[in-house]
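# Observations on the three-dimensional arrangement
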Amino acid sequence: MPALSTLLFWDQMARELLPKRGSDTEKEWVGREVIINPGHDWGDHPEYQSKAFKILGLPEDGTLAEYVKVKAEYLHPKPAHLTWEQAAALPLAGLTAYRALFTKGKATKGDKVLVTGAGSGTGTFALQWALAAGCQVFVTSGSGEKIDRAKQIGAAAGVNYKAQDWAENLQHLAGGFDVIIDSALGEGFAKLPDICNPGARIVFFGGTAGNIPELNGRKIFWKQLQIIGTTMGTNDEFKAMVEFVNKHQVVPVVDEVFPFTDAEKAIHKMANSSQFGKIVLTA
């Protein structure tokens, strides 16, 4: 075990590190329990990242290591109510979902929110954030088991996106959505404007199912819809996310914890999309 105890975990986009004893590079943080914002050099404009923006682990070396050095500005106090495994699950996926839902999606209490792909790290966080904010949340998944897990957390209902009439079923259940959080795109994206309420926001940050398909532009302009792309988030948003977690005592969903020696097993599980929530590696 290294002198600076660490807890490592994988995310779909990057590797993140959570030190148990602060940073060995900044004396003011020694002895404090912190988590790291993995998005660095965002830039001056809050609406978009600068050309210098990078994610810890991409393109530079990541945290699949005993030690990592980051600037003190990217260290934030670890929520005291979380275990190290729970806190390790928070940074990248949590920040991505937080910005998508609140900064870009402008979700507020009482909104009807749809989260596609429940069970992914970002999808699970979007579900938890929306519920904590007082939204009514619906989900989609290709797994009935994952839909049931989402409902156990607090989702109002869910549908299987493999069904031909999944969008119609959602429309029947919810009546329409104010915010939709999507990380898949693909052919199914074309149905999202149909189930939006007027003035709704569709926010996406991934494309695991392909590109944006042909859309009916008339529905978009007549309903005054917004289709918004987003990536990661600012350091201020990371701080706000941590405050949100503390205020609402949110506990990230950890699917499974693997020892570092079983990292390959953890990666295979993530590649198969069989997890619900985050996968954590411990050193």
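It should be noted that the structure appears before, not after, this text.
Criteria and cut-off values
Residues numbered from 1 in each chain as written. Predicted model: local features only at pLDDT ≥ 70, side-chain atom pairs only at ≥ 80, totals over all residues. Heavy atoms only, no water. Phe/Tyr/Trp six-rings, centres within 6.5 Å; stacked < 30°, edge-to-face > 60°. Helix = DSSP H or I, 4+ residues; strand = E, 2+ residues; numbered from the N terminus. Buried < 20%, exposed > 50% of the residue type's maximum accessible area, 1.4 Å probe, protein only. Polar contact = N/O pair within 3.5 Å; in protein donor to acceptor, adjacent residues only side chain to side chain.

Take the packing of aromatic side chains next. Applying the stated rule across the entire model yields 8 aromatic pairs. With centroids separated by 5.6 Å and ring planes inclined at 85°, the aromatic side chains of tryptophan 129 and phenylalanine 244 adopt a geometry described as edge-to-face. Taken together, the residues tryptophan 129 in helix H3 (residues 121-132) and phenylalanine 244 in helix H7 (residues 235-248) connect sequence positions 115 residues apart. The exposure class assigned to tryptophan 129 is buried, which follows from its relative accessible area of 0%. Owing to a relative accessible area of 11%, phenylalanine 244 belongs among the buried residues under this scheme. Seen in terms of ring centroids, phenylalanine 189 and phenylalanine 204 are 6.0 Å apart; in terms of plane orientation they differ by 75°. Their pairing is edge-to-face. Taken together, the residues span a long stretch of sequence, with phenylalanine 189 in the loop between strand E10 (177-182) and strand E11 (196-204) and phenylalanine 204 in strand E11 at a distance of 15 residues. Like phenylalanine 204, phenylalanine 189 is buried. Among the aromatic side chains, those forming a connected cluster through ring pairs are Tyr98, Phe102, Phe125, Trp129 and Phe244.

Position of arginine 201 relative to the elements: it lies in strand E11. Separated by 20 residues in sequence, arginine 201 and isoleucine 181 place their C-alpha atoms 8.6 Å apart. Side-chain polar atoms of arginine 201 contact the backbone oxygen of glycine 105, separated by 2.9 Å. Among the polar contacts made by the side chain of arginine 201, one reaches the main-chain carbonyl oxygen of glycine 199 at a distance of 3.0 Å.

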